Number of protein chains: 2
Amino acid sequence: MGYTPGLHILAEIKCSDKKLLADANAAKKFFHELTAKHQLQSLGEVFHSFGGGGGFTGVICLTESHLSIHTWPEYGMITFDVFLSNYQKENDDTARAMLDATVKYFSATDYHINEIKR
Amino acid sequence: MGYTPGLHILAEIKCSDKKLLADANAAKKFFHELTAKHQLQSLGEVFHSFGGGGGFTGVICLTESHLSIHTWPEYGMITFDVFLSNYQKENDDTARAMLDATVKYFSATDYHINEIKR
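Just so it is clear, the model here is predicted, and its values are computed rather than measured.

Topic: the interface of chain A and chain B
- At the interface, 39 residues of chain A touch 39 residues of chain B.
- For the chain A and chain B pair, buried surface summed over both sides reaches about 3200 Å², with 73% attributable to carbon and sulfur atoms.
- Together, Met1(A), Tyr3(A) and Arg118(A) form the three largest contributors to the area buried by chain A at its contact with chain B, with a combined 22%.
- Counting across the interface, chain A meets chain B through four salt bridges.
- A salt bridge links Arg118(B) to Asp81(A); the shortest N-O distance between them is 2.6 Å.
- Where chain A touches chain B, the interface holds 12 residue pairs in polar contact (both at pLDDT 80 or more).

Quick look at the structure:
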């Protein structure tokens, strides 16, 4: 397709901590620290908690593309995406480091990833 | 991984209309109409135009997960994602219809997709 902007990692993550899976604010703080650590620039974000012990959904728009998370506490399940373009610098390893940090944050019991070079 | 929330379609789309690739407001209107048509519920959104003939980036967070778009007019290139969970109803065909509508909106000259069942 000509131009290849960067790496998109899609992860399905198992987590047994229902409290963590319902806590949008804690996750927001974690992702703010993570994006700052990797010097990524946020253009805006949406975090929404479904409440009542349900999950949350969050997206952070970045100069370098985006990251997204959706949680289902009732199934001990997370879908997490990080897509970073290499427009300004090579970010493939950053995307992988952000996945690793997310897996650790949720103390994942198992996870499966797809790496898509776009 | 146990629970399988839904279908995520990732598309790389070629488009030669640089004006359309730079027009965040027109795309926002298009996606609002598209999500309304398919009775999807928005939880919030971020649209950012890079200005100066550059592209834009946009994410709409949905009750059913999210859609995202990033454009690169300088390369005639779009990355588009739509991820719809089947929590409330079966949405696989809706995701495919939204891809088709997006391909038409940009008068794509070529496109490539990955369908990931998550």
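Still more to cover.
Details of the relation of the copies chain A and chain B
- Note on the copies: chain A fits chain B at an RMSD of 0.0 Å, the axial shift is 0.0 Å, and the rotation between them is 180°. In the structure described here, the two chain copies are related by an operation that fits a two-fold rotation axis.
- A shared binding surface is used by both copies, with 100% of the interface residues of chain A retained as interface residues in chain B.

Some thoughts on unusual backbone geometry
Residue and element names in this part refer to chain B.
- Despite not being glycine, serine 65 has its phi angle at roughly 120°, a positive value.
- On the basis of relative accessibility, which here comes to 2%, the residue serine 65 falls in the buried class.
- Look at serine 107: it is not a glycine, yet its phi comes out positive at around 45°.
- Assignment of secondary structure puts serine 107 in the loop between helix 3 (92–105) and strand 6 (110–117).
- On the basis of relative accessibility, which here comes to 53%, the residue serine 107 falls in the exposed class.

Observations concerning a nonpolar patch on the surface
- A cluster of nonpolar side chains, namely Met1(A), Tyr111(B) and Ile113(B), defines an oily patch on the protein surface of about 240 Å² accessible area.
- Along the chain, Tyr111(B) falls in strand 6.
- Taking relative accessible area as the criterion, Tyr111(B) reaches 38% and is therefore assigned partly exposed.

Overview of the side chain of Glu12(B)
- Along the chain, the position of Glu12(B) falls in strand 1 (residues 6–14).
- The exposure class of Glu12(B) is buried, given its relative accessible area of 4%.
- For Glu12(B), the residues in contact, after removing those within four places along its chain, are Met1(A), Arg118(A), Met77(B), Ile78(B), Thr79(B), Asp110(B), Tyr111(B) and His112(B).

Reading the values: rules and limits
- Residues numbered from 1 in each chain as written.
- Chains lettered and ligands numbered in written order.
- Predicted model: local features only at pLDDT ≥ 70, side-chain atom pairs only at ≥ 80, totals over all residues.
- Heavy atoms only, no water.
- Contact = heavy atoms within 4.5 Å.
- Buried area = accessible area lost by both parts, 1.4 Å probe.
- Salt bridge = Lys/Arg side-chain N within 4 Å of Asp/Glu carboxyl O.
- Polar contact = N/O pair within 3.5 Å; in protein donor to acceptor, adjacent residues only side chain to side chain.
- Least-squares fit on C-alpha atoms with pLDDT ≥ 70 in both.
- Buried < 20%, exposed > 50% of the residue type's maximum accessible area, 1.4 Å probe, protein only.
- Helix = DSSP H or I, 4+ residues; strand = E, 2+ residues; numbered from the N terminus.
- Patch = residues over 30% accessible without salt bridge, like charges linked within 9 Å, V, L, I, M, F, W, Y side chains within 5 Å.
- Areas by Shrake-Rupley, 256 points an atom, 1.4 Å probe, with all protein chains shown as cover.

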